[in-house]
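Read off the chains here:
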Amino acid sequence: MAAAWGLSRVAASLRAVTPWPRGRLPAAFPRPQVRRKESSSSPQADEGKIHLTDSCVQRLLEITEGPEFLRLQVEGGGCSGFQYKFSLDTVINPDDRQEEGGGARVVVDSDSLAFVKGAQVDFSQELIRSSFQVLNNPQAQQGCSCGSSFSVKL
């Protein structure tokens, strides 16, 4: 137990963000709950947003300092054609879109937003690894078993 706690402290100090296979949560872990802002707008206005789960917000509040936020990008590559990339950043570019929930921020550039709009960003933690991941992406047709790459609906 102490060794596992020590490893999590090392990972937190490095603020490492590693890819995590989608759908690999043990049955003992509950499904992620989406944190949504109350709004009187229609559901169609909410479709282009990125939703942050409670576990994502909690982890971001633990690892970010000051102006830091989580940047989500989509790059070409991976088994299925596109892959998700997560990093901590402090610079917001003119074409970036910010999503905020519970004091945590996720920023997506406009090119990547087309591939992830309407998706959820979650933080998954298991005994052997922990990472941010994209769940329920309505723009993805299918993904490979690693969970970090996907193909786009045409």
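The structure we're discussing is the one just above.
None of these values were measured; they are calculated from a predicted model.

What exactly am I supposed to notice about the nonpolar core here?
Residues Leu60, Leu72, Tyr84, Phe86, Val121 and Phe132 are the most contacted members of the largest nonpolar core, which totals 24 residues. Looking at this core, the elements with two or more residues in it are helix H3 (54-63), strand E3 (69-76), strand E4 (82-89), strand E6 (104-109), helix H4 (110-116), strand E7 (120-125), strand E8 (130-135) and strand E10 (149-152). Considering every element that reaches this core, the biggest residue donor is H3, with four residues. Residue contacts for Leu60: discarding those within four places in its chain leaves Leu70, Ala104, Arg105, Val106 and Phe132.

Where do I start with the packing of aromatic side chains in this structure?
Aromatic ring pairs are reported here in terms of the distance separating the ring centres and the angle at which the planes meet. In the structure shown here, the tally under the stated rule is five aromatic pairs. Arranged with centres 4.8 Å apart and planes meeting at 35°, the rings of Phe82 and Phe115 form a pair that is tilted. Placement of Phe82 in strand E4 and of Phe115 in helix H4 is noted, with a sequence separation of 33 residues between them. Residue class for Phe82 comes out partly exposed when judged on its relative accessible area of 25%. According to the relative accessible area criterion, Phe115 is partly exposed, its value standing at 24%. Measuring from centroid to centroid gives 6.1 Å for Phe86 and Phe132, while their planes differ by 40°, and the two rings are tilted. Of this pair, Phe86 sits in strand E4 while Phe132 sits in strand E8, placing them 46 residues apart in sequence. Phe132 shares its class with Phe86; the two are buried.

Whenever I open this one, the side chain of Arg105 confuses me. Can you help?
Structurally, Arg105 is set in strand E6. At 5.2 Å, Glu100 is the nearest oppositely charged side chain to Arg105, a buried residue that forms no salt bridge. Engagement of the side chain of Arg105 in a polar contact is seen with the side chain of Gln98, the distance being 3.1 Å. In this structure Arg105 touches Leu60, Pro67, Glu68, Phe69, Leu70, Ile92, Gln98, Glu99 and Glu100, once residues within four positions along its chain are discounted.

What counts as what
- Every chain is numbered on its own, with residues counted from 1 as its sequence reads.
- Residue-level local features of this predicted model are given only where pLDDT is at least 70; pairs of side-chain atoms are given and counted only at 80 or more, and the full residue set underlies all totals for whole chains, interfaces and linings.
- Excluded from the side-chain calculation are hydrogens and water; included are all heavy atoms of the structure.
- Nonpolar cores are built from buried Ala, Val, Leu, Ile, Met, Phe, Trp, Tyr and Cys residues. Side-chain atoms within 4.5 Å join them into one set.
- Per-residue accessibility, obtained with a 1.4 Å probe over protein chains only, is compared with the maximum for each type, and a residue is labelled buried under 20%, exposed over 50%, and partly exposed between these values.
- Secondary structure counts use DSSP, requiring at least four H or I residues in a row for a helix and at least two E residues in a row for a strand, with both numbered from the N terminus.
- Any two residues having at least one pair of non-hydrogen atoms within 4.5 Å are treated as being in contact.
- We call Phe, Tyr and Trp rings a pair once their centres come within 6.5 Å, taking the six-membered ring for Trp, and we label the pair stacked below 30 degrees between planes, edge-to-face above 60, and tilted otherwise.
- His is not counted here, nor are the chain ends, while Lys and Arg score as positive and Asp and Glu score as negative.
- Every case where a carboxyl oxygen of Asp or Glu lies within 4 Å of a side-chain nitrogen of Lys or Arg is listed as a salt bridge.
- Here a polar contact means two N or O atoms within 3.5 Å. Within protein one must be a hydrogen donor candidate and the other an acceptor candidate, and residues neighboring in sequence count only if both atoms are side-chain atoms.

Function cannot be inferred from these measures alone, as they are strictly geometric.
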